[in-house]
Amino acid sequence: MEELSCFLLPMAEKASVPVVVHFDHGLTAEKTRLAMDLGFTSIMYDCSTLGFEENCKAVAEMVREAHSRGISVEAELGHVGSNESAAEASSASDTSAYTDPEEARRFIEATGADALAVSIGTAHGAYRAAPKLQLELLRKIAEVVPVPLVMHGGSGLSDDDFRNAIRDGMAKVNIFTDLNCACAKAAHDFYQPGCGMTDLIPHLTEAVKEATLKKMKLFGCVGRA
Ligand SMILES: [Zn+2]
């Protein structure tokens with residue numbers, strides 16, 4: 001984390017648009033506090049494997065601390081599982097639990113969190129079978145939750161899945177696997193015997209940039225900063 005913050009923070013400062021440097025999935029208070037100490041401007045404190053009351057209590061405490069330092073907090077209610085841990089091909093991981101709208105409303109009221117990751121049928125990592133998004137559930141959550149909703153496990157969804165989810169209330173989309181794979185594919189495509197990492201890096205950068213731009217166009221976020 002220290003290494004990351006060393007180059008991410010100066011990069012963010014140079015950007016011509018507003019940028020948050022976000023620490024995703026802080027699973028312990030200790031790591032999450034370290035991220036704040038290192039200068040991350042946004043943190044996720046993920047207590048989604050705890051019961052509702054414990055999740056509320058832990059996040060409320062972290063929100064007080066983070067807000068006093070001018071840092072925003074994302075929390076998660078319901079649990080977005082991982083495709084890697086799913087025992088068999090299914091629409092979402094067997095470790096996922098959908099978010100309940102009424103609980104989500106109470107959760108935000110009780111914690112003061114700035115954004116909420118919700119579980120509506122996505123899972124982290126590469127999908128083995130096409131995920132089936134629970135859009136009706138998403139609309140119900142969006143109706144009663146006053147803060148931006150966050151989609152985790154976005155990689156591998158179809159363009160229509162994204163359009164529908166954004167239309168129905170998703171305000172932030174987390175993408176990693178798709179960009180990671182674009183980078184690896186470029187390494188494969190541009191490798192030639194005798195070439196070094198420094199020869200590849202410009203191609204990798206360009207591949208990630210292209211994949212990111214494609215997603216930005218799809219999400220409708222180009223030119224809106
Ligand atoms: Zn996530």
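Since the model is a prediction, treat every value here as computed from it, not as a measurement. (Residues numbered from 1 in each chain as written. Predicted model: local features only at pLDDT ≥ 70, side-chain atom pairs only at ≥ 80, totals over all residues.)

**So, the overall build of the chain**
The helix and strand inventory of the chain stands at 8 helices and 6 strands. Scanning the chain from its N terminus toward the C terminus, one meets helices and strands in the order α-β-α-β-α-β-α-β-α-β-α-β-α-α. In summary, the chain has a C-alpha radius of gyration of 18 Å against a globular reference of 17 Å for 225 residues, a match within 12%. Overall, the C-alpha framework of the chain stretches about 60 × 40 × 35 Å when taken along its three principal axes. In the chain, the proportion of contacts linking residues at least 24 apart, taken out of those at least 6 apart, comes to 58%. (Helix = DSSP H or I, 4+ residues; strand = E, 2+ residues; numbered from the N terminus. Rg over C-alpha atoms; globule rule 2.2 N^0.38 Å. Contact = placed C-beta atoms within 7 Å.)

**Some remarks on the environment of R139**
Inspection of the secondary structure puts R139 in helix α5 (residues 135–144). As a C-alpha pair, R139 and G153 span 14 residues in sequence and 18 Å in three-dimensional space. Residues within four places of R139 in sequence aside, it is in contact with D168 and G169.

**Section: the domain arrangement of the chain**
Assigned domains of the chain: these are domain 1 (2–174) and domain 2 (176–225). By residue number, the principal contributor to the side of domain 1 that touches domain 2 is helix α6 (residues 159–167), which donates 3 residues. Among the residues making up the side of domain 1 that touches domain 2, the classes are represented as 6 nonpolar, 4 polar and 1 charged. (Domains from an automatic or database assignment. Nonpolar A, V, L, I, M, F, W, Y, C, P; charged D, E, K, R; others polar.)

**Side note on the sheet that holds strand β5 (residues 149–151)**
Sheets are built from strands that pair by backbone hydrogen bonding, the pairs being arranged parallel or antiparallel. The strand order β1-β2-β3-β4-β5-β6 describes an open sheet built from 6 strands, whose pairing is parallel. The open sheet has two edge strands, β1 (22–26) and β6 (170–173), and neither has a second partner. Each strand axis lies, on average, 30° off the axis of its neighbour in the sheet, ignoring direction. Inspection of the sheet shows strand β4 (residues 115–118) paired to β5 by 2 bridges, in the parallel sense. In the strand pairing of β5, A117 is matched with V150. The sheet contacts of helix α4 (residues 101–111) involve β3 (72–77) and β4, and relative to β3 the element is tilted by about 150°. (Pairing = 2+ DSSP bridges. Axes fitted to C-alpha atoms, helices over the stretch in contact; angles between N-to-C directions.)

**Re α5**
Each α-helix turn comprises 3.6 residues. Residues three or four places apart therefore point the same way. All of the buried residues in α5 are L138, K140 and I141. Considered in projection along α5, the buried side chains sweep an arc of 160° and stay on one side of the axis. In α5, the exposed positions angled more than 90 degrees off the buried face are occupied by E136 and E143. Next to the buried residues of α5 lie α4, β4, β5 and α6. (Buried ≥ 20, exposed ≤ 12 C-beta atoms within 10 Å, placed from the backbone. Arc of directions from axis to C-beta.)

**As for the packing of helix α3 (residues 52–68) against α4**
A pair of packed helices is characterised by two quantities: the angle between their axes and the separation of those axes. With their axes 8 Å apart at the nearest point, α3 and α4 run at an angle of 35° to one another. Between α3 and α4 lies a crossing of right-handed hand. Counting all contacts with α3, which are made through F52, C56, V59, A60 and V63, the residues of α4 involved are E103, F107, A110 and T111. Of the residues assigned to the contact of α3 with α4, the class counts are 7 nonpolar, 1 polar and 1 charged. (Left-handed = near helix turned anticlockwise from the far one by under 90°.)

**Some thoughts on helix α2 (residues 29–38)**
Residues of α2 that are buried: T32, A35 and M36. Looking down the long axis of α2, one finds its buried residues gathered within 100° of arc, a one-sided arrangement. Away from its buried face, by an angle of more than 90 degrees, α2 presents the exposed residues E30 and D37. Its buried side turned inward, α2 meets β1, β2 (42–45) and α3.

**Some remarks on the environment of L204**
Inspection of the secondary structure puts L204 in helix α8 (residues 197–219). Looking at L204, the number of C-beta atoms within 10 Å reads 17, which means it is partly exposed. Each C-alpha atom, one on L204 and one on A182, is 8.1 Å from the other, the two residues being 22 residues apart in sequence. Here L204 is in contact with C183, A186 and A187, once residues within four sequence places are set aside.

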